[in-house]
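# Architecture at a glance
Chain by chain, the residues run as shown.
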Amino acid sequence: MTSQAGIYALLSAYDVLEKLAPFDAVWVGSTALDVHTSKSDVDICCSAKGDLDGFAAALKSLFGNQPKFHLERKPYRGQPSCFATFELSGQAVEVWGRQHPVEEHEFYRFFKVEARLLRFGGDDLRAAIRELKEDGLSTEQAFADALELDGDPEEALLSLYDADAMTLLALL
């Protein structure tokens with residue numbers, strides 16, 4: 001498994017975040033949180049800033065020559081979305097673009113909640129999440145299971161986005 005630092009070095013070597021800077025790119029997900037497994041991809045959220053066609057064209061121009069490049073447009077949670085998957089030196093990468101600002105993406109919000117929980121839960125929570133992910137759970141499912149959150153894992157995590165520290169600490 002590539003370390004978080006190794007993934008950051010890979011992103012830097014290919015100038016991924018710099019190339020995607022016009023779209024307010026943010027590295028999110030399990031690799032950014034350092035709870036990834038060897039099967040995890042690198043997730044990057046972007047804002048298409050109202051122009052999904054332009055975003056799709058930029059993704060094709062920037063990364064279309066990378067191995068396993070695939071571009072798709074489809075709704076996610078009822079919102080128009082465009083994403084590309086490809087590999088960089090054997091590491092799977094997924095770049096998502098939505099019409100609205102990155103800070104409104106579900107993926108970004110999951111990431112912010114999960115980062116806060118890991119800050120409070122430390123190495124024990126990080127190890128529990130990795131173990132659940134090794135069993136095949138998504139990052140959101142792993143957090144929901146580890147914290148015994150009820151209902152849909154994604155909705156449960158989104159409901160914690162504005163939670164105060166005491167609410168998050170009570171879950172640990």
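Source: prediction; values computed, not measured. Within any chain, residue numbers begin from 1 and follow the written order of that chain's sequence. Confidence filtering applies because this is a predicted model: local features only for residues at pLDDT of at least 70, side-chain atom pairs given and counted only at 80 or more, and all residues used for totals across whole chains, interfaces and linings. Where side-chain values are given, they derive from all heavy atoms of the structure, hydrogens and water being excluded.

Another aspect to go through is the overall build of the protein. The helix and strand labels rest on DSSP assignments: H or I over at least four residues marks a helix, E over at least two residues marks a strand, and numbering proceeds from the N terminus. Helix and strand content of the protein: 8 helices and 5 strands. For 172 residues, the compact-globule estimate of 2.2 N^0.38 gives 16 Å, and the C-alpha radius of gyration of the protein, at 16 Å, lies within 12% of that figure. Projected onto its principal axes, the C-alpha coordinates of the protein cover approximately 45 × 35 × 25 Å. Working definition: with a 1.4 Å probe on protein chains only, accessible area under 20% of the residue-type maximum means buried, over 50% means exposed, and in between means partly exposed. Considering the protein as a whole, with its 172 residues, one finds that 44% of them fall into the buried category. In this setup the radius of gyration rests on C-alpha atoms only. A globule is expected at 2.2 Å times the number of residues raised to 0.38.

Any carboxyl oxygen of Asp or Glu within 4 Å of a side-chain nitrogen of Lys or Arg constitutes a salt bridge here. Applying the stated rule across the entire model yields 8 salt bridges. Salt bridges sharing common partners tie together Arg77, Asp152, Glu154 and Glu155.

So, about the sheet that holds strand E3 (residues 70-73). In this scheme, strands are said to pair when DSSP sees at least two bridges between them. One open sheet holds the 5 strands; their spatial order is E1-E2-E5-E4-E3, and the pairing between them is mixed. On the outer flanks of this sheet lie strand E1 (26-28) and E3, each paired with one strand and no other. On average, each strand axis in the sheet is tilted by 20 degrees relative to the strand beside it, whichever way the strands run. When E1 meets strand E2 (residues 42-47), the two strands line up antiparallel, connected through 3 bridges. Bridge pairing links Trp27 to Ile44 in E2. Of the strands in this sheet, E2, E3, strand E4 (81-88) and strand E5 (91-98) are in contact with helix H4 (residues 52-63), which crosses E4 at around 5 degrees. Whether two residues are in contact is decided by their heavy atoms: any pair within 4.5 Å suffices. Lines are fitted to the C-alpha atoms to define the axes, a helix being fitted only along its stretch in contact, and any angle between axes, read from their N-to-C directions, falls within 0 to 180 degrees. Along the sheet, helix H5 (residues 106-134) makes contact with E1, E2 and E5, crossing E1 at roughly 60 degrees.

Size it by volume and the largest pocket reaches roughly 460 Å³. Surrounding the largest pocket, 25 residues form its lining, Asp43, Lys133, Ser138, Thr139 and Glu140 being those nearest its centre. Of all the elements, H5 adds the most residues to the lining of the largest pocket, at 6 residues. Amino acids are sorted into nonpolar (Ala, Val, Leu, Ile, Met, Phe, Trp, Tyr, Cys and Pro), charged (Asp, Glu, Lys and Arg) and polar (every other residue, Gly among them). Across the lining of the largest pocket, the residue classes break down as 7 nonpolar, 8 polar and 10 charged. Cavity and pocket criteria rest on a 1 Å grid covering protein atoms alone: a 1.4 Å probe that fits but cannot get out defines a cavity, protein on both sides within 12 Å along at least 5 of 7 lines defines an open pocket, and an atom within 4 Å of a point defines a lining residue. Grid points are joined across faces, edges and corners, and a volume is the space filled by probe spheres set on the points.

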